[in-house]
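# Architecture and fold: a report
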Amino acid sequence: MFAAGARAHHGLVIAVRPDDGTAPGPVADASATLLTNLGQARNAVLVWSADAVIAVGGSWGTLSEVALAMRRGGVPVVVLGGWRVVDATGTPVSGPRHADTPEEAVAVALADRPGDGESGPARRA
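Figured I'd write up the structure that's included with this text. Model, not experiment: these values are computed from the prediction. The numbers attached to residues start from 1 for each chain and follow its sequence in the written order. Predicted model: local features are reported for residues with pLDDT of at least 70 only, side-chain atom pairs are reported and counted for 80 or more only, and whole-chain, interface and lining totals are derived from all residues. Values reported for side chains reflect all heavy atoms of the structure, with hydrogen atoms and water molecules removed beforehand.

### Here we look at the pairing of strand β4 (residues 77–80)
Cut-off, in case you're wondering: Note on exposure labels: buried denotes an accessible area under 20% of the residue type's maximum, exposed denotes more than 50%, and partly exposed covers the range between, all computed with a 1.4 Å probe on protein chains only. Put simply, DSSP marks the helices as runs of H or I at least four residues long and the strands as runs of E at least two long, and each gets a number from the N terminus on. In short, DSSP must find at least two bridges between two strands for them to pair. Throughout, right-handed denotes a crossover for which the path from the first strand over the helix to the second runs clockwise when the strands point away from the viewer.
The side-chain alternation of β4 yields two buried faces, one formed by V77 and V79 and the other by V78 and L80. Pairing geometry for strand β3 (residues 53–56) and β4, over four bridges, is parallel. Along β4, the bridge assignment pairs V53 with V77. A crossover connection joins β3 to the parallel β4 through helix α3 (residues 60–72); in handedness this β-α-β unit is right-handed.

See below:
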């Protein structure tokens, strides 16, 4: 769903798969697919390769991506329809921003990017 939206707006969609490619089927709407054979450790690859992290939904793997992105720091972290982490008293922890729509998630991620937008991993010399 989100890959299709990114492609429709001329975005580059890279699927980072946790397996070796023997699982059936390519990722729909992906421009390219990376086979890592890293299992859940591929989440660290995703987080460290991102200029922003938008976590969608509430699986355990998604929660690990949110946690890794918050520990990394320096990139916007937006949660769309997923986890809300609270402390022992029920108070929401600071950090991830929450969005209600994909458009809002992208707007928040772009607005929260540090600097002039030219320092992301894909743009480093």
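### A word on a nonpolar patch on the surface
The cut-off we apply is this: Each patch groups residues whose relative accessible area exceeds 30% and which form no salt bridge, using 9 Å between like charges and 5 Å between nonpolar side chains of Val, Leu, Ile, Met, Phe, Trp and Tyr. Only the protein chains shown count as cover for residues, and the accessible areas themselves come from Shrake-Rupley with a 1.4 Å probe. One speaks of a salt bridge when a side-chain nitrogen belonging to Lys or Arg is within 4 Å of a carboxyl oxygen belonging to Asp or Glu.
A cluster of nonpolar side chains, contributed by I54, V56, V106 and L110, occupies part of the molecular surface with about 320 Å² of accessible area. Mapped onto the fold, I54 is located in strand β3. The exposure class of I54 is partly exposed, given its relative accessible area of 34%.

### Topic: helix α4 (residues 102–111)
Two residues of an α-helix separated by three or four positions point the same way, owing to the 3.6 residues in each turn. Convention followed: It is the directions from the helix axis to the C-beta atoms whose arc is reported. For this analysis, residues touch if any pair of their heavy atoms sits within 4.5 Å.
The complete set of buried residues in α4 reads A105, V108 and A109. Down the axis of α4, the smallest arc covering the buried residues is 100 degrees, so these residues share one side. Away from its buried face, by an angle of more than 90 degrees, α4 presents the exposed residues E103, L110 and A111. In the core, the buried residues of α4 are packed alongside β3, β4 and β5 (97–99).

### Let's talk about the nonpolar core
Our working definition: Residues grouped as a nonpolar core are buried Ala, Val, Leu, Ile, Met, Phe, Trp, Tyr and Cys residues, joined through side-chain atoms within 4.5 Å.
The biggest cluster of nonpolar side chains holds nine residues, and these are V47, A50, V53, A55, V66, A69, V75, V77 and V79. For this core, the elements supplying multiple residues, two or more each, are β3, α3 and β4. In this structure, A55 is in contact with T62, V66, V78, V79 and L80, ignoring residues within four places of it in sequence. In this structure, V78, A105, V108 and A109 belong to the second largest nonpolar core, which totals six residues.

### Description of the sheet that holds β5
Sheet strands line up and pair through hydrogen bonds in the backbone, either parallel or antiparallel. Heads up, the rule is: As a rule, the C-alpha atoms of each element are fitted with a line to give its axis, helices using only the stretch in contact, and angles between N-to-C directions run from 0 to 180 degrees.
Taken in spatial order, the three strands make up an open sheet running β3-β4-β5, and their pairing is parallel. Two strands close off the open sheet at either side, each with one partner strand: β3 and β5. Averaged over all pairs of adjacent strands, the angle between their axes in this sheet comes to 30 degrees, without regard to strand direction. Its contacts with the sheet place α4 against β3, β4 and β5, and it is angled at close to 170 degrees to β4.

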